[in-house]
Amino acid sequence: MSIPVLDRTAQTEHPVLDVLADRWSPRAFDAETPIDEAKLASALEAARWSPSANNSQPWRFVVARRGSALHHGIHSALMGFNQAWAGNAAVLIVAVAETATEDGTPVHYANYDLGQAVAHLSVQAHHDGLVVHQMGGFDREAIRPLLGLDERFAPVSVIALGELGDVDALPEPLAQREVAPRVRRSIDETVLLSA
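This text gives an overview of the structure that appears in the document.

Calculation notes
Residues numbered from 1 in each chain as written. Predicted model: local features only at pLDDT ≥ 70, side-chain atom pairs only at ≥ 80, totals over all residues. Heavy atoms only, no water. Helix = DSSP H or I, 4+ residues; strand = E, 2+ residues; numbered from the N terminus. Rg over C-alpha atoms; globule rule 2.2 N^0.38 Å. Buried < 20%, exposed > 50% of the residue type's maximum accessible area, 1.4 Å probe, protein only. Contact = heavy atoms within 4.5 Å. Polar contact = N/O pair within 3.5 Å; in protein donor to acceptor, adjacent residues only side chain to side chain. Pairing = 2+ DSSP bridges. Axes fitted to C-alpha atoms, helices over the stretch in contact; angles between N-to-C directions. Expected span 1.5 Å × (residues − 1). Arc of directions from axis to C-beta. Core = buried A, V, L, I, M, F, W, Y, C linked by side-chain atoms within 4.5 Å. Phe/Tyr/Trp six-rings, centres within 6.5 Å; stacked < 30°, edge-to-face > 60°. Lys NZ or Arg CZ within 6 Å of the ring centre and 35° of its normal.

## Digging into the overall build of the chain
Phase 1 of the analysis: For the chain, the count of helices and strands is eight helices and four strands.
Phase 2 of the analysis: Along its sequence from the N terminus, the chain presents helices and strands in the succession α-α-β-α-α-β-α-β-α-β-α-α.
Phase 3 of the analysis: Relative to the 2.2 N^0.38 estimate, which gives 16 Å for 195 residues, the radius of gyration of the chain is 17 Å and therefore close to what a compact globule would have.
Phase 4 of the analysis: Here the C-alpha coordinates of the chain stretch approximately 55 × 50 × 30 Å along the principal axes.
Phase 5 of the analysis: Within the span of the chain, comprising 195 residues, buried residues form 39% of the whole.
Phase 6 of the analysis: Sequence-distant contacts, at least 24 apart, represent 76% of the contacts inside the chain between residues at least 6 apart.

Encoded structure:
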């Protein structure tokens, strides 16, 4: 299968690292190629070394490889059009925030720190030639028993990870979104105050 090369490089207002300008969130995943285990390990290692408040590391990841019952269960919990494409990803990862300590003390920064860890995972994966798409559209209450999570752990997002697939294999509305121009609001609209 010949995958067309898509230039998805962001047109930034100011210079950024190539790996950041080039990273994007495709929906077209190669449904045949298994995950490169060394690249997956590097992505998880990057997440592990992400900064966190007081080095508390309030993140956990559940990794499900395509073909496993766990992958199927996570895919079944996805909502809306996420089910149309995410099952092709070599790996589905549930990103989990530890929202309270074992003694019940709330961890107020858990979601923030988890987000940093996922960002590190995403950038490392892209650097290594994998693609990542993060999703918030899933049934959290269906995921919790599937993963055996107690109340202090909150499933926050599901991450599809694998090799880039053929855009033409996507349903038409998703294929159109795949090649649509990338846009962001301006820096002036993003920075609220600067003194």
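Past the structure itself, the notes keep going.
## A closer look at the side chain of glutamate 98
Phase 1 of the analysis: The residue glutamate 98 is located in strand E2 (residues 91-98) in this model.
Phase 2 of the analysis: Classification of glutamate 98 as buried rests on a relative accessible area of 12%.
Phase 3 of the analysis: Only 3.1 Å separates the side chain of glutamate 98 from the side chain of arginine 60, close enough to count as a polar contact.
Phase 4 of the analysis: Side-chain polar atoms of glutamate 98 contact the side chain of arginine 152, separated by 2.5 Å.
Phase 5 of the analysis: Apart from residues lying up to four places away in sequence, glutamate 98 is in contact with Gln57, Pro58, Arg60, Val107, Ala110, Arg152 and Phe153.

## Some points on the sheet that holds strand E1 (residues 59-65)
Phase 1 of the analysis: Here we have four strands laid out as an open sheet, ordered E1-E2-E4-E3, and antiparallel in their pairing. Looking at the sheet topology across the chains shown, the edges are occupied by E1 and strand E3 (131-135). Going from strand to strand, the sheet's axes swing by 25° on average, the running direction of each strand aside.
Phase 2 of the analysis: Seen against the sheet, helix H2 (residues 37-48) touches E1, E2 and strand E4 (153-162) and runs at an angle of roughly 165° to E1.

## Remarks on H2
Residues separated by three or four positions in an α-helix point in the same direction, a consequence of the helix having 3.6 residues per turn.
Phase 1 of the analysis: If you check H2, its first and last C-alpha atoms are 16 Å apart, about what twelve residues at 1.5 Å a residue would give, namely 16 Å.
Phase 2 of the analysis: If you check which residues of H2 are buried, you get Leu40, Ala43, Ala46 and Ala47. Seen end-on, H2 carries its buried residues on one side only, within an arc spanning 120°.
Phase 3 of the analysis: For H2, the secondary structure elements touched by its buried residues are E1, E2, helix H5 (110-127) and E4.
Phase 4 of the analysis: Two or three places before alanine 38, at the opening of H2, aspartate 36 has a side-chain oxygen 3.0 Å from that residue's backbone nitrogen.

## Regarding the pairing of E2
In regular strands, side chains alternate between the two faces of the sheet.
Phase 1 of the analysis: Extensive coverage of E2 is indicated by the burial of eight of its eight residues.
Phase 2 of the analysis: Strand direction decides the pairing type here: E1 and E2, joined by seven bridges, are antiparallel. Bridging across to E2, arginine 65 finds its partner in valine 91.
Phase 3 of the analysis: Bridging between E2 and E4 involves eight bridges; their strand directions are antiparallel. The partner of alanine 95 across the bridge, within E4, is serine 157.

## Overview of the nonpolar core
Phase 1 of the analysis: Grouped together as the largest cluster of nonpolar side chains are 26 residues, with contacts concentrated most on Trp85, Leu92, Val94, Met135 and Val158.
Phase 2 of the analysis: Breaking this core down by element, the ones donating at least two residues are E1, helix H3 (69-77), E2, E3, helix H6 (140-147), E4 and helix H7 (172-179).
Phase 3 of the analysis: Every residue in contact with valine 94, bar those within four places of it in the chain, is listed here: Arg60, Phe61, Val62, Ile74, Ile143, Leu147, Pro155, Ser157 and Val158.
Phase 4 of the analysis: Listed in part, the 21 residues of the second largest apolar core include Ile35, Ala47, Ala90 and Ile93.

## A short note on the packing of aromatic side chains
Phase 1 of the analysis: Within the structure shown, the criterion is met by one aromatic pair.
Phase 2 of the analysis: Judged by centre distance (6.0 Å) and plane angle (10°), the ring pair of phenylalanine 29 and tryptophan 85 falls under stacked. A residue pair is termed long-range when its members are at least 10 positions apart, and phenylalanine 29 in the loop between helix H1 (18-22) and H2 and tryptophan 85 in helix H4 (residues 82-85) qualify at 56 residues. Considered together, phenylalanine 29 and tryptophan 85 belong to a single accessibility category, that of buried residues.
Phase 3 of the analysis: Taking NZ or CZ as reference, arginine 8 lies 4.8 Å from the ring centre of tryptophan 24, over its face.
Phase 4 of the analysis: A cation over a ring is seen here: arginine 140 above phenylalanine 138, with NZ or CZ 4.1 Å from the ring centre.

Everything listed here is a matter of geometry and, on its own, says nothing about what the molecule does.
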